[in-house]
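What follows is the residue order along each chain.
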Amino acid sequence: MLSPLHDHAGSVAVEEVRAEDSAVTITARTTTPEARCPTCGTRSERRHGSYRRRLADVALTGRRMVIDLLVQRFRCTAQACERTTFVEQVEGLTERFARRTLRLRRLLERLMLVLAGRPAARLTEDLGVTVSPNTLLRLLRRRPEQPRARAPRVLGVDDFATRKGHVYATILLDMETGERVDVLPDRTTDTLIAWLRDHPGAEIVCRDRGGAYAEAVRTAAPDAVQVADRFHVWRNLCDAVEKCVLLHRACLPEPADDASDQSASSPPQAVALGGAPAEWEGARAAKRRERHAAVHALLAKGVGISAIGEALGLDRKTVRRYAHASTAEDLAPARDGRRGSRVDSFLPYLHERWNQGCTDAARLFDEISERGYTGSRRTVRRHLQAVRASGKPAPKVAKQLTVRRATHLITSHPEHLDENATLRLKKLLARCPELDAVAACVESFAQMMADLDGHRLPAWLEQAEAADLPALKSLVNGIRQDLAAVTAGLSLQWNSGRVEGNVNRIKRIKRDGYGRASFDLLRLQILHAD
């Protein structure tokens with residue numbers, strides 16, 4: 001059997017190995033003639049005595065391993081030293097006051113970092129070194145950290161949620177090596193300013209479009225180059241495109257193939273986005289129209305935003321959003337046209353069968369299930385209840401793109417679209433000149449981002465502004481407020497991809513700990529776990 005003291009053969013002598021059913025005990029003693037005082041560093045050969053230490057070690061074949069080690073106590077010969085006697089420590093094996101070997105402690109710390117408290121404690125039972133969750137927590141919290149004097153040359157900054165929607169923290173990353181530098185308890189400007197001042201040296205800072213981080217870097221590291229992540233800028237552009245599509249969603253229905261079918265070529269307003277008439281849109285759309293009318297009525301009387309909010313029970317931001325919208329349709333959330341239902345593609349068949357006299361929801365559900373419908377019976381029944389309540393024949397459902405699909409077509413690389421999708425996009429842009437201008441802006445921005453040619457950004461901003469669409473104007477204004485960082489993000493090789501990967505890894509750590517770790521424990525897991 002290979003002794004766990006094999007690596008310390010020069011300083012430890014094994015006297016006996018005793019194997020029992022539940023444990024293996026190794027009796028040994030130290031053989032060093034001298035030791036160094038831990039306080040003053042003076043070497044001493046004067047022995048004061050000895051005593052035995054029992055150290056738990058990594059289990060052997062499922063049995064506990066115990067090292068019964070006789071260690072020596074020495075006298076410190078330095079008169080100025082405040083320590084009279086001290087006990088020798090075997091490097092790599094023992095620590096002061098420890099009852100576990102170093103390799104067992106590291107194993108337990110590793111389990112704690114990977115699995116968190118309770119799962120790690122359950123695994124230690126199978127490893128033959130049963131430890132409680134609280135002990136594992138204490139071991140991890142006592143883990144020494146190497147203080148860092150300076151920030152890395154290229155620093156990555158991003159936030160993550162410790163409690164989504166309520167509490168957020170900040171992770172700092174060395175973008176050149178991928179090393180996790182630190183974790184801050186919040187995402188405020190003051191906290192990052194304090195850290196940057198305590199750790200100077202950052203020359204480039206990669207961040208998202210958040211204003212708090214931008215202000216902190218400008219204050220604490222004014223000479224650092226800020227790089228706004230181009231992925232976030234692209235996402236901002238995609239969101240603006242989606243708002244533009246939503247504003248012109250009347251152009252989404254495709255013209256009817258049968259010109260003689262007058263009902264199929266009815267105005268887009270007669271059919272809602274989900275394939276139902278506009279009067280079936282529901283309570284949300286009606287409430288949106290009522291609020292829009294009430295806000296504009298009070299505005300016409302000269303009432304201020306705050307007073308309108310108090311009168312209608314709305315937040316000032318909500319009132320301002322209603323005030324800036326010319327029509328209630330401009331306020332329709334993206335999900336109204338983006339989130340479709342599984343029954344949507346079967347609506348033409350359902351309405352045709354309804355008009356033929358089949359009004360049994362269960363039977364219609366069985367028929368479309370045979371045709372590939374995978375949704376619920378309740379969804380079919382809910383839609384047919386609206387048809388029945390109208391007291392009219394089911395309307396023809398014109399073929400149309402959803403807001404999500406149209407946005408996807410406009411923002412996708414042409415090589416990633418098949419022939420049918422390319423044709424649908426071409427027809428959509430031919431029907432709507434405004435969306436054609438949006439598509440041109442997307443194409444030029446994508447080319448600029450692929451070429452890392454951020455110097456073309458001012459010209460692109462003028463192009464987007466010339467499209468005269470509110471969503472694009474808002475995007476242009478936002479980019480101009482952060483122009484230098486966005487230009488650097490579209491010009492330099494650096495981006496926040498590594499930071500985003502670590503944020504995704506943090507989500508896995510939180511899931512493993514069931515989201516119950518306090519910040520200090522979560523910070524240690526983030527910094528040290530693989």
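Residues numbered from 1 in each chain as written. Predicted model: local features only at pLDDT ≥ 70, side-chain atom pairs only at ≥ 80, totals over all residues. Heavy atoms only, no water.

1. Examining the nonpolar core
Nonpolar side chains in soluble globular proteins tend to be buried together.
Phase 1: If you look at the biggest cluster of nonpolar residues, it comprises 45 residues, and the most contacted ones within it are L237, V245, F445, L457, W460, L472 and I479.
Phase 2: Listing elements by their share of this core, those giving two or more residues are α6 (230-247), α14 (403-411), α15 (419-431), α16 (433-451), α17 (457-466), α18 (470-481) and α19 (483-489).
Phase 3: When neighbours within four sequence positions are excluded, V245 is seen to be in contact with L252, V403, A406, T407, I410 and L435.
Phase 4: The next biggest cluster of nonpolar side chains, apart from the first, holds 19 residues, and it includes V154, F160, A169 and W494. (Core = buried A, V, L, I, M, F, W, Y, C linked by side-chain atoms within 4.5 Å. Buried < 20%, exposed > 50% of the residue type's maximum accessible area, 1.4 Å probe, protein only. Helix = DSSP H or I, 4+ residues; strand = E, 2+ residues; numbered from the N terminus. Contact = heavy atoms within 4.5 Å.)

2. Quick look at the environment of D57
Phase 1: In this structure, D57 sits in strand β5 (residues 47-60).
Phase 2: On the basis of relative accessibility, which here comes to 2%, the residue D57 falls in the buried class.
Phase 3: Sequence separation between D57 and T101 is 44 residues; the distance between their C-alpha atoms is 5.5 Å.
Phase 4: Here the side chain of D57 touches T101 through a polar contact of 2.5 Å, side chain to side chain. (Polar contact = N/O pair within 3.5 Å; in protein donor to acceptor, adjacent residues only side chain to side chain.)

3. Regarding the sheet that holds strand β11 (residues 204-207)
The strands making up a sheet are joined through hydrogen bonds of the backbone, oriented either antiparallel or parallel.
Phase 1: If you trace the five strands from one edge of the open sheet to the other, you get β10-β9-β8-β11-β12, paired in mixed fashion. With partners counted over all chains shown, the strands left at the sheet margins are β10 (180-184) and β12 (225-228), one partner each. Put simply, the sheet's adjacent strands are angled 25° from each other on average, direction ignored.
Phase 2: In terms of strand pairing, β11 meets β12 through four bridges, oriented parallel. (Pairing = 2+ DSSP bridges. Axes fitted to C-alpha atoms, helices over the stretch in contact; angles between N-to-C directions.)

4. Describing the pattern of salt bridges
Phase 1: The final tally for this structure, using the stated rule, is 22 salt bridges.
Phase 2: A salt bridge links E16 to R18; the shortest N-O distance between them is 3.9 Å.
Phase 3: Under the relative-accessibility criterion, E16 is labelled partly exposed at 39%.
Phase 4: Looking at R18, the relative accessible area reads 36%, which means it is partly exposed.
Phase 5: Note that R235 and D239 form a salt bridge whose closest N and O atoms lie 3.7 Å from each other. Here the residue R235 and the residue D239 both occupy positions in helix α6, the gap between them amounting to four residues, near one helical turn. (Salt bridge = Lys/Arg side-chain N within 4 Å of Asp/Glu carboxyl O.)

5. Here's the deal with the pairing of strand β1 (residues 12-19)
Phase 1: Strand direction decides the pairing type here: β1 and strand β2 (residues 23-30), joined by seven bridges, are antiparallel. Counted as the bridge partner of A13 is R29 from β2.
Phase 2: Where β1 folds back on β2, the antiparallel hairpin that results is connected by three residues.

6. Focus on helix α1 (residues 102-115)
Phase 1: In this model α1 runs 20 Å from its N-terminal to its C-terminal C-alpha over 14 residues, within 8% of the 20 Å that 1.5 Å per residue would give.
Phase 2: Restricting attention to buried positions, one finds in α1 the residues L102, L104, R105, L108, E109, L111, M112 and L113.
Phase 3: In this fold, the buried residues of α1 make contact with β5, α2 (117-126), α3 (133-141) and α21 (519-528).
Phase 4: Backbone geometry just downstream of α1 places A116 in the positive-phi region, at approximately 75°. (Expected span 1.5 Å × (residues − 1).)

7. A closer look at the packing of α3 against α21
Phase 1: At a minimum axis separation of 10 Å, α3 and α21 run at an interaxial angle of 65°. Taken together, the axes of α3 and α21 are roughly perpendicular relative to one another. Viewed along their axes, α3 and α21 form a crossing whose handedness is left-handed. On the side of α3, the interface is formed by L137, L140 and R141, while α21 contributes D520, L521, L524 and Q525.
Phase 2: Residues that form the contact of α3 with α21 fall into these classes: four nonpolar, one polar and two charged. (Parallel < 35°, antiparallel > 145°, perpendicular 65-115°, else oblique. Left-handed = near helix turned anticlockwise from the far one by under 90°. Nonpolar A, V, L, I, M, F, W, Y, C, P; charged D, E, K, R; others polar.)

8. Brief notes about the confidence of the model for the chain
Phase 1: Averaged over all residues, the pLDDT of the chain is 84; the fraction at 70 or higher stands at 89%.
Phase 2: Note on residues 258-280: pLDDT under 50 across the span, and 34 contacts to partners over four residues away in sequence or across chains.
Phase 3: Segment residues 334-339: pLDDT under 50, and 12 contacts once partners within four positions in sequence are set aside and those in other chains are kept. (pLDDT = per-residue confidence, 0-100.)

9. Thoughts on the side chain of E88
Phase 1: When you line up the elements, E88 lands in the loop between β7 (85-87) and α1.
Phase 2: Nearest to the buried, unbridged E88 among oppositely charged side chains is R47, at 6.9 Å.
Phase 3: A distance of 2.4 Å separates polar atoms of two side chains, one belonging to E88 and the other to T32.
Phase 4: The residues touching E88, leaving out its near neighbours within four places in the chain, are T30, T32, A35, V71, Q72 and F74. (Lys, Arg positive; Asp, Glu negative; His and termini not counted.)

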